[in-house]
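Coordinates in review
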Number of protein chains: 2
Amino acid sequence: MKQISDVELGDKAKSSSPRSGVKKGLSILDFVLRLIAIVGTLASAVAMGTTNETLPFFTRFTRFRAEYDDLPTFTFFVVANAIVSGYLVLSLVLSFFHIVRSNAQNSRVLLIIFDAAMLGLLTAGASASAAIVYLAHNGNTNTNWFAICRQFNSFCERISGSLIGSFVGVGVFLLLILVSGLALSRR
Amino acid sequence: MKQISDVELGDKAKSSSPRSGVKKGLSILDFVLRLIAIVGTLASAVAMGTTNETLPFFTRFTRFRAEYDDLPTFTFFVVANAIVSGYLVLSLVLSFFHIVRSNAQNSRVLLIIFDAAMLGLLTAGASASAAIVYLAHNGNTNTNWFAICRQFNSFCERISGSLIGSFVGVGVFLLLILVSGLALSRR
């Protein structure tokens, strides 16, 4: 917050309109939020993608081993998070452009539309995985789906934890759309 | 499209700027898209909420019966769709206001932000349910989750079908944000 108000003051001093300063502050906030979302989604993708557990006992015919891609939903989760973090890295260029030229209009609208699409993709991956993780923890007696977490403890902790970064990303995207909307409404 | 261009022409005749006509056209498109989304989400909520199947055979102790709320994800699906369709009905007021006053700015930004939040909620419900429906159809051999659709045929067809309206709603929300963004960028 201190950095933003410094920028505002600095901008007020040299530019004629105080609104331009607020816009520059919002653009910097946009840039910082994107960095946070990159960390969150990338951490989620890596944490889920490297998850596996082999149980310490085995029979002659089977080893008890769980990997993230035993369940196709988790593969989708990894892909969705990877795509979104890739998009976020590319969008940093446009976000930086908004800091320099804070009166840009059309590119902000473009960013809102793409952000909304990526919000959809990320939410889809995160909530589909959350549904499966819930099932793995609690099982379902009506359908006779067994709670696999009773056996694969550390596997379950890992996949539950990797959801966090993704949901942080969803929250950040909502904030990003809010910030872009605020910047558009002030001119 | 004919209606929109009529409005544009009518508006051009009496107003000085042709941009105002385009905005009015976009506002009418916004209103129509919201009506489509209301039908989709409401149909999804009702179709899922009324789904149950009792198998024609039973033992002395159990009747084989499947209901949508056997799985908590489907309850979330119904609630999410009901909330979103309720929001859409309320948002019609603001959308109608935009047709009358096509130069409104702040209320459009407000609508984009709420639309993005509802897009998130609807996508979460739809994709979590899709993950469970996929599991019900195909099962999962790694976790010993049985494909219940082999028994509950019509139940599975019904829950699969009720996803359609919800995904149509997700698509319409992306279009709504696109339309609002376009209307904001023209002034």
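Chain A has the name CASP-like protein in an unreviewed UniProt entry, where Morus notabilis is given as its organism. Note on chain A: under the UniProt heading Subunit (unreviewed entry), the record states "Homodimer and heterodimers."

Further remarks concern the state of the cysteines. All names here are of chain A. All told, the structure shown has two disulfides over all chains when counted by the stated rule. Two residues share a disulfide in this structure: Cys 149 and Cys 156, whose sulfurs sit 1.8 Å from each other. Between Cys 149 and Cys 156, the S-S dihedral sits near -80°, and the bridge is therefore left-handed. Judged by relative accessible area, which is 7%, Cys 149 ranks as buried. Here Cys 156 falls in the buried class, since its relative accessible area comes to 2%.

In this complex, chain B contributes 35 residues to the contact, which on the side of chain A involves 35 residues. Where chain B touches chain A, the interface holds nine residue pairs in polar contact (both at pLDDT 80 or more). Of all the secondary structure elements, the ones that give two or more residues to the side of chain B that touches chain A are α3 (72-100), α4 (106-138) and α5 (153-185) of chain B. For the side of chain B that touches chain A, the per-class residue count stands at 23 nonpolar, ten polar and two charged.

The next subject is the nonpolar core. If you look at the biggest cluster of nonpolar residues, it comprises 47 residues, and the most contacted ones within it are Leu88(A), Leu119(A), Phe173(A), Leu88(B), Leu119(B) and Phe173(B). Sorting the residues of this core by element identifies α2 (18-49), α3 (72-100), α4 (106-138) and α5 (153-185) of chain A together with α2 (18-49), α3, α4 and α5 of chain B as the ones contributing at least two each. Aside from chain neighbours lying at most four places away, what touches Leu88(A) is Arg34(A), Ala37(A), Ile38(A), Thr41(A) and Phe173(A). Within the second largest apolar cluster, 44 residues are counted, among which are Met48(A), Leu55(A), Trp145(A) and Val133(B).

Rotating chain B by 180° about the axis while translating it 0.0 Å along that axis superimposes it on chain A, leaving an RMSD of 0.0 Å. Look at the turn and shift together and you get a two-fold axis relating the two. For chain B, the minimum C-alpha distance to the rotation axis belongs to Ala128(B) and amounts to 2.0 Å.

What follows covers the side chain of Ser95(A). Turning to its location among the elements, Ser95(A) is positioned in helix α3. Contact partners of Ser95(A), with chain neighbours within four places excluded, come to Ser27(A), Asp30(A), Phe31(A) and Arg34(A).

Attention now goes to the side chain of His98(B). Residue and element names in this part refer to chain B. Positionally, His 98 belongs in helix α3. Among the polar contacts made by the side chain of His 98, one reaches the side chain of Ser 107 at a distance of 2.7 Å. Ignoring anything within four residues of it in the chain, the contact list for His 98 reads Ser 27, Ala 104, Ser 107, Arg 108 and Leu 111.

What follows covers the packing of aromatic side chains. Evaluated as defined, the whole model comprises seven aromatic pairs over all chains. Ring centres 6.4 Å apart and planes at 40° place the aromatic pair Tyr87(A) and Phe114(A) in the tilted group. Residue Tyr87(A) is located in helix α3, and its partner Phe114(A) is located in helix α4; the two are separated by 27 residues in the primary sequence. Ring centres of Trp145(A) and Trp145(B) lie 6.3 Å apart, and the angle between their planes is 35°; this geometry places the pair in the tilted category. Taken together, the residues span two chains, with Trp145(A) in the loop between α4 and α5 and Trp145(B) in the loop between α4 and α5. Of the two residues, Trp145(A) and Trp145(B), neither departs from the other in class, the shared state being buried.

Now for the packing of α4(B) against α5(B). Residue and element names in this part refer to chain B. Interaxial distance between α4 and α5 falls to 9 Å at its minimum, and their mutual angle equals 155°. Classified by the angle their axes make, α4 and α5 are roughly antiparallel. For the element pair α4 and α5, the recorded crossing hand is left-handed. Residues belonging to the contact of α4 with α5 are distributed by class as follows: 21 nonpolar, nine polar and two charged.

Thresholds, definitions, all that
Residues numbered from 1 in each chain as written. Chains lettered and ligands numbered in written order. Predicted model: local features only at pLDDT ≥ 70, side-chain atom pairs only at ≥ 80, totals over all residues. Heavy atoms only, no water. UniProt positions renumbered as here; feature names shortened; annotations may be inferred. Disulfide = S-S within 2.5 Å. Buried < 20%, exposed > 50% of the residue type's maximum accessible area, 1.4 Å probe, protein only. Contact = heavy atoms within 4.5 Å. Polar contact = N/O pair within 3.5 Å; in protein donor to acceptor, adjacent residues only side chain to side chain. Helix = DSSP H or I, 4+ residues; strand = E, 2+ residues; numbered from the N terminus. Nonpolar A, V, L, I, M, F, W, Y, C, P; charged D, E, K, R; others polar. Core = buried A, V, L, I, M, F, W, Y, C linked by side-chain atoms within 4.5 Å. Least-squares fit on C-alpha atoms with pLDDT ≥ 70 in both. Phe/Tyr/Trp six-rings, centres within 6.5 Å; stacked < 30°, edge-to-face > 60°. Axes fitted to C-alpha atoms, helices over the stretch in contact; angles between N-to-C directions. Parallel < 35°, antiparallel > 145°, perpendicular 65-115°, else oblique. Left-handed = near helix turned anticlockwise from the far one by under 90°.

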